[in-house]
Amino acid sequence: MPSRVHPGEFYALPQSPQLYKQLLMISGFDRYFQIARCFRDEDLRADRQPEFSQIDIEASFVSEEDVISVAEGLLGALWREAGHEIPDRFPRMTYRDAMERYGVDRPDVRYGLEIRDVSDVFRGLEFAITTRALESGGRVRGIVAPGGSKLSRKQVDEIEAVARSAGAGGLVRVKRTGDVVEGSPAAKMLGVAGAGRLGIADGDLALFVAGPDHVSNTALDRVRQELARVLDLIPAGERRFLWVTDFPMFEQDPQSGGLGAVHHPFTSPALEDISLLDSAPQRARARAYDVVLNGLELGGGSIRISNPALQSRIFELLGIDEETAKGRFGFLLEGLRAGAPPHGGIAFGFDRIAMVLAEATSLRDVIAFPKTTAARALFEGAPSPVAAADLEELHVKVSETEAHA
């Protein structure tokens, strides 16, 4: 059983399932923390491993401000211990602002290169690529890089390849040198006057993506990072912490049109947006928050739902019928009906923080026995075959089926 270390301190708990922490709040624990071992079912990259550890914090009767204050104190202590002073309070940015200006919900704000919506300038311009995008409900958005005209065509081609790999059809290039505007057919149509309206000064390079936001956001985020790298705009040694807040509650599947939870289905909607659940749920904001450092997400959390009727409504919007909700989450709903205090928390990537403080470039540098990108453990030789007796003991049956074309 968890034990209180000292009045006012957090409880220290062993590893627990995802919903265990909510049930602890319901059962009467006012606060706790745990170092939890977790598993990730996502594509791997330099800052991800299939197994990782979290610093998990949860407390009752807290608001977003309470959780954010504790988180800033913890991060400040960790960075001071590593010999770095950071601000006591971090600036904040809404999710909508982050996506509009940077194309990503974990922006690196150490340099400029903010995304601009230039649809009005291209509207009416007889350029097929932008015209098709605008007529289909998309936008023309891009980045103006001061001094970017010095980049070679090969360098810009490489940046365009990055944009294409992120889903964009290509980049509309506009380069200005004195009164010469070039780079693409659109550039010639714009001329000096059009370039001026776009904010392109002498020596600048502008790169635009025409299309829906879900395409242009991802592509321009990658373009922005590449421009900052090749133009050497990233200041060494600078640490820019940032809170991203007001995430949307739901995201809509472009194929099915159904709603999915942006964070998880137990996140509370903003109190002022609860009425939108019946009329326009896609506009409802969540009481969720992420802390970001130099474009890297260090942790995130939310205020949880403590009202059983509201939790049932969220399940319904996510397409989880009453019978399924009862079967999968009946214990949670029963606990909420018994009386749950308002509660919330945050979880930090323990290994990711260690990676940043060690100034390493990969989680593999700070984890014992790391896995490969194929999730294989080379030292242990895992995954490996499982003995039939072990499978039988676990009541697991393996059957092989032949795939047919």
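Predicted model, so just to flag it, every value in this text is computed and none were measured.

Draft legend 1. View of the side chain of T245. Summarising the element assignment, T245 is placed in strand β10 (residues 241-245). On the accessibility criterion, T245 (16% relative accessible area) is buried. Not counting residues up to four positions away in its chain, the partners in contact with T245 are M93, T94, Y95, A288 and Y289.

Draft legend 2. Representation of the confidence of the model for the chain within the structure. For the chain, per-residue confidence averages 88 on the pLDDT scale, and residues scoring 70 or more make up 91% of the total. Predicted confidence for residues 1-17 stays below pLDDT 50, and this span has 31 contacts to residues more than four positions away or in other chains.

Draft legend 3. Just the nonpolar core, in detail. If you look at the biggest cluster of nonpolar residues, it comprises 33 residues, and the most contacted ones within it are M93, M249, F250, L277, I314, F315 and I320. Going through the elements one at a time, α3 (95-102), β10, α9 (276-279), β13 (288-293), α10 (308-317) and α11 (322-339) are the ones with two or more residues in this core. With five residues, α11 is the largest single contributor of residues to this core. When sequence neighbours within four positions are dropped, the list of residues in contact with F315 reads P265, F266, I320, A325, F329 and L333.

Draft legend 4. Main features of the packing of aromatic side chains. One pass over the full model with this rule turns up eight aromatic pairs. Aromatic pair F90 and F241: ring centres 4.7 Å apart, planes at 20°, arrangement stacked. Residue F90 is found in the loop between α2 (64-81) and β4 (92-94), and its partner F241 is found in strand β10; the two are separated by 151 residues along the sequence. Residue classification places F241 among the buried residues on the basis of a relative accessible area of 5%. Judged by centre distance (5.6 Å) and plane angle (65°), the ring pair of F122 and F208 falls under edge-to-face. On the criterion of sequence distance, the pair formed by F122 in helix α4 (residues 119-122) and F208 in strand β9 (residues 205-211) is long-range, its members being 86 residues apart. Members of the aromatic cluster, connected to one another through ring pairs, are W79, F90 and F241.

Draft legend 5. Quick peek at a nonpolar patch on the surface. A cluster of nonpolar residues, F33, I35 and F350, forms a patch on the protein surface that exposes about 260 Å² of accessible area. Of note, F33 is situated in strand β2 (residues 31-39).

Draft legend 6. Inspection of the pairing of strand β3 (residues 51-60) at higher detail. Counted residue by residue, β3 has eight buried out of 10 residues, so it is predominantly covered. In this structure, β2 lies alongside β3, joined through nine bridges in antiparallel fashion. The residue of β3 that forms the bridge with C38 is F52. In the sheet, β3 pairs with strand β15 (residues 343-349) via seven bridges, with the strands oriented antiparallel. Bridge pairing in β15 places I57 opposite I346.

Draft legend 7. View of the side chain of S216. Turning to its location among the elements, S216 is positioned in helix α8 (residues 213-230). Assessed through its relative accessible area of 0%, S216 is described here as buried. At 3.1 Å, the side chain of S216 forms a polar contact with the side chain of R141. If near-sequence neighbours (up to four positions away) are discounted, S216 is found in contact with R141, V209 and G211.

Draft legend 8. Molecular detail of helix α6 (residues 153-165). In this model α6 runs 18 Å from its N-terminal to its C-terminal C-alpha over 13 residues, within 8% of the 18 Å that 1.5 Å per residue would give. Here the buried face of α6 lies against β7 (172-177), β9 and α8. Positioned one or two residues after α6, G167 has a phi angle of 110°, which is positive.

Draft legend 9. Local environment of unusual backbone geometry. Its identity is not glycine, yet N294 carries a phi of approximately 50°, on the positive side. Tracing the chain through its elements places N294 in the loop between β13 and β14 (296-303). One non-glycine residue, E359, lies in the positive phi region at around 55°. Along the chain, E359 falls in the loop between α12 (350-357) and α13 (388-393).

Draft legend 10. The arrangement of the packing of α2 against α12 in detail. Viewed as axis vectors pointing N to C, α2 and α12 meet at an angle of 40°, and their least axial separation amounts to 11 Å. Between α2 and α12, the crossing angle belongs to the class labelled oblique. Crossing geometry of α2 relative to α12 is assigned as right-handed. Residues L75, L78 and W79 of α2 pack against I353, V356 and L357 of α12. Classifying every residue of the contact of α2 with α12 by side-chain character gives six nonpolar, no polar and no charged.

Draft legend 11. Geometry of the sheet that holds β7. A sheet is described by the order of its strands in space; here five strands give the open sequence β5-β6-β9-β7-β8, paired in antiparallel fashion. Two strands close off the open sheet at either side, each with one partner strand: β5 (115-117) and β8 (180-182). In this sheet, adjacent strand axes meet at a mean angle of 25° when their direction is disregarded. Here β7 pairs with β9 via four bridges, running antiparallel. Across the sheet, V172 pairs through a bridge with F208, a residue of β9. In this fold helix α5 (residues 128-135) packs onto β6 (139-145), β7 and β9, with an angle of close to 45° to the strand it touches most, β9. Its contacts with the sheet put α8 on β5, β6 and β9, and the angle it makes with β6 is roughly 5°.

Reading the values: rules and limits
- Residues numbered from 1 in each chain as written.
- Predicted model: local features only at pLDDT ≥ 70, side-chain atom pairs only at ≥ 80, totals over all residues.
- Heavy atoms only, no water.
- Helix = DSSP H or I, 4+ residues; strand = E, 2+ residues; numbered from the N terminus.
- Buried < 20%, exposed > 50% of the residue type's maximum accessible area, 1.4 Å probe, protein only.
- Contact = heavy atoms within 4.5 Å.
- pLDDT = per-residue confidence, 0-100.
- Core = buried A, V, L, I, M, F, W, Y, C linked by side-chain atoms within 4.5 Å.
- Phe/Tyr/Trp six-rings, centres within 6.5 Å; stacked < 30°, edge-to-face > 60°.
- Patch = residues over 30% accessible without salt bridge, like charges linked within 9 Å, V, L, I, M, F, W, Y side chains within 5 Å.
- Areas by Shrake-Rupley, 256 points an atom, 1.4 Å probe, with all protein chains shown as cover.
- Salt bridge = Lys/Arg side-chain N within 4 Å of Asp/Glu carboxyl O.
- Pairing = 2+ DSSP bridges.
- Polar contact = N/O pair within 3.5 Å; in protein donor to acceptor, adjacent residues only side chain to side chain.
- Expected span 1.5 Å × (residues − 1).
- Axes fitted to C-alpha atoms, helices over the stretch in contact; angles between N-to-C directions.
- Parallel < 35°, antiparallel > 145°, perpendicular 65-115°, else oblique.
- Left-handed = near helix turned anticlockwise from the far one by under 90°.
- Nonpolar A, V, L, I, M, F, W, Y, C, P; charged D, E, K, R; others polar.

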